[in-house]
Amino acid sequence: MQSNMKEKSLKEWFLATRPWSLPASSMAVIVAALFVVWRISSYEGLTMNWLNVGLALLSIMFFQLGGNLMSDYHDFTHGVDKVGDESVQILTSGLFSKKEVLTYAFCLLGVASAIGLVILSRTGWPTLVIGVMGLLLAVCYSWLKYHALGDITIFLEYAIFPVLGTSYVATGTWCLSSLLPAFIIGPVTVAILHANNARDIPSDKAAGIRTWAMLIGLEASRWVFVAETLFPYLIILVAILSRALPLGAALAFLALPKAMALNKEVGSSLKGKVPFSGCDRKTAGLQLIFSLLFAAGLALSAVVAQKAW
């Protein structure tokens with residue numbers, strides 16, 4: 001079926017980007033900003049530049065949406081996504097053509113880059129380094145995923161780089177202590193991809209690619225998923241006890257029952273026909289709730305300590 005741009009609604013164009021996955025990138029910026037707000041009194045003379053934070057948030061969101069489309073294009077081109085698979089259907093259904101998806105991806109990445117240039121004009125060359133690295137990872141993500149490097153790529157692209165970048169554009173200096181929240185929300189973000197790849201082991205193997213989940217197998221993938229979704233709570237607990245995080249960060253523990261329930265579901269799914277089925281979206285929901293609670297705890301602690309403004 002030949003795709004026709006006029007046949008598609010704005011809603012279909014929007015949904016094609018997988019907007020439900022946006023918390024994977026946006027929450028890293030939000031959490032990093034609120035962590036810096038809480039810590040900012042430790043750095044004499046520093047203030048928060050909220051405009052730069054807002055621009056960083058917009059930029060990474062456009063980067064992710066463009067990267068999503070780029071990934072869909074390559075997965076379809078390499079036979080990873082097929083008709084009938086539990087995967088994105090924008091290409092397999094014929095709703096969009098490969099040319100449309102690729103053009104759409106480059107347009108969104110272009111918008112992200114343009115916003116990045118505005119940030120660069122307001123900050124300095126370190127922003128350029130982080131921006132270029134982010135763009136390269138977005139463009140090369142599929143190749144990296146096909147060679148079992150997708151998990152580490154997601155951790156860098158949606159945890160380490162955005163957290164470091166946000167702390168820099170917000171204050172004009174490096175705040176290395178901001179890496180702590182990257183190691184808290186990053187694993188849960190990676191778990192979204194891990195659940196997807198564990199579910200797709202048979203189709204990925206048929207397509208001739210290698211993912212981390214494929215290399216370690218389903219049973220080990222389950223335990224990796226457990227670690228990614230539960231270990232962050234241990235980091236929070238240790239960080240609170242060592243005063244690297246405020247007591248308010250414990251608010252994130254309200255998401256623990258949801259994490260436990262999801263892990264129970266994953267364990268049960270291993271006995272079914274499609275292990276990890278639907279767990280990627282549910283993990284994205286967990287990541288959003290966990291990150292929002294963590295961010296709220298940081299914001300509350302900053303207000304209580306009169307450090308917010």
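Being a predicted model, the structure only gives us computed values, none of them experimental.

Calculation rules
Residues numbered from 1 in each chain as written. Predicted model: local features only at pLDDT ≥ 70, side-chain atom pairs only at ≥ 80, totals over all residues. Heavy atoms only, no water. Salt bridge = Lys/Arg side-chain N within 4 Å of Asp/Glu carboxyl O. Buried < 20%, exposed > 50% of the residue type's maximum accessible area, 1.4 Å probe, protein only. Helix = DSSP H or I, 4+ residues; strand = E, 2+ residues; numbered from the N terminus. Disulfide = S-S within 2.5 Å. Phe/Tyr/Trp six-rings, centres within 6.5 Å; stacked < 30°, edge-to-face > 60°. Lys NZ or Arg CZ within 6 Å of the ring centre and 35° of its normal. Core = buried A, V, L, I, M, F, W, Y, C linked by side-chain atoms within 4.5 Å. Contact = heavy atoms within 4.5 Å. Axes fitted to C-alpha atoms, helices over the stretch in contact; angles between N-to-C directions. Parallel < 35°, antiparallel > 145°, perpendicular 65-115°, else oblique. Left-handed = near helix turned anticlockwise from the far one by under 90°. Nonpolar A, V, L, I, M, F, W, Y, C, P; charged D, E, K, R; others polar.

**Concerning the pattern of salt bridges**
And step 1. Under the counting rule described, the total for this entry stands at 5 salt bridges.
And step 2. Residue Asp200 is joined to Arg199 by a salt bridge in which the shortest nitrogen-to-oxygen separation is 2.8 Å. Residue Asp200 shares its accessibility class with Arg199, and that shared class is buried.
And step 3. The partner of Arg199 in a salt bridge is Asp280, and the shortest N-O contact between them spans 3.2 Å. Of this pair, Arg199 sits in helix α7 (residues 179-199) while Asp280 sits in helix α11 (residues 279-304), and the two are 81 residues apart along the sequence. Summarising the burial analysis for this pair, Arg199 and Asp280 share the class buried.
And step 4. One network of salt bridges, in which partners are shared, links Arg199, Asp200 and Asp280.

**What to know about the state of the cysteines**
And step 1. One pass over the full model with this rule turns up 0 disulfides.
And step 2. With no disulfide of its own, Cys107 lies closest to Cys140 among cysteine sulfurs, the gap being 19 Å.
And step 3. The exposure class of Cys107 is partly exposed, given its relative accessible area of 46%.

**Section: the packing of aromatic side chains**
Each pair of aromatic rings is reported with the distance of its centres and the angle of its planes.
And step 1. If you walk through the whole model with that rule in mind, you get 9 aromatic pairs.
And step 2. Their ring planes at 35° and their centres at 4.8 Å tell us that Tyr168 and Trp174 sit as a pair that is tilted.
And step 3. In this structure an aromatic cluster arises from ring pairing among Tyr233, Phe253, Phe290 and Phe294.
And step 4. Its guanidinium or amino end placed over the ring of Trp223, Arg222 lies 5.1 Å from that ring's centre, counting from NZ or CZ.

**Focus on the nonpolar core**
And step 1. Met48, Ile184, Ile236, Leu245, Phe290 and Phe294 are the most contacted members of the largest nonpolar core, which has 63 residues in total.
And step 2. Listing elements by their share of this core, those giving two or more residues are α2 (23-39), α3 (50-77), α5 (125-146), α6 (150-171), α7, α9 (212-241), α10 (256-269) and α11.
And step 3. Of the residues forming this core, the biggest block, 11 residues, is contributed by α2.
And step 4. If we ignore the near neighbours within four places in the chain, the residues touching Ile236 are Ile184, Leu245, Ala249, Ala252, Phe253, Phe290 and Phe294.

**Section: the packing of α2 against α6**
And step 1. Between α2 and α6, whose axes approach to 8 Å, the crossing angle comes to 45°. For the element pair α2 / α6, the angle class is oblique. The way α2 lies across α6 gives a crossing that is right-handed. In this structure, α2 uses Ala24, Ser25, Ala28, Val29, Ala32, Ala33 and Val36 to contact α6, whose residues at the interface are Tyr158, Pro162, Val163, Thr166, Ser167 and Thr171.
And step 2. Taken together, the residues that form the contact of α2 with α6 break down as 9 nonpolar, 4 polar and no charged.

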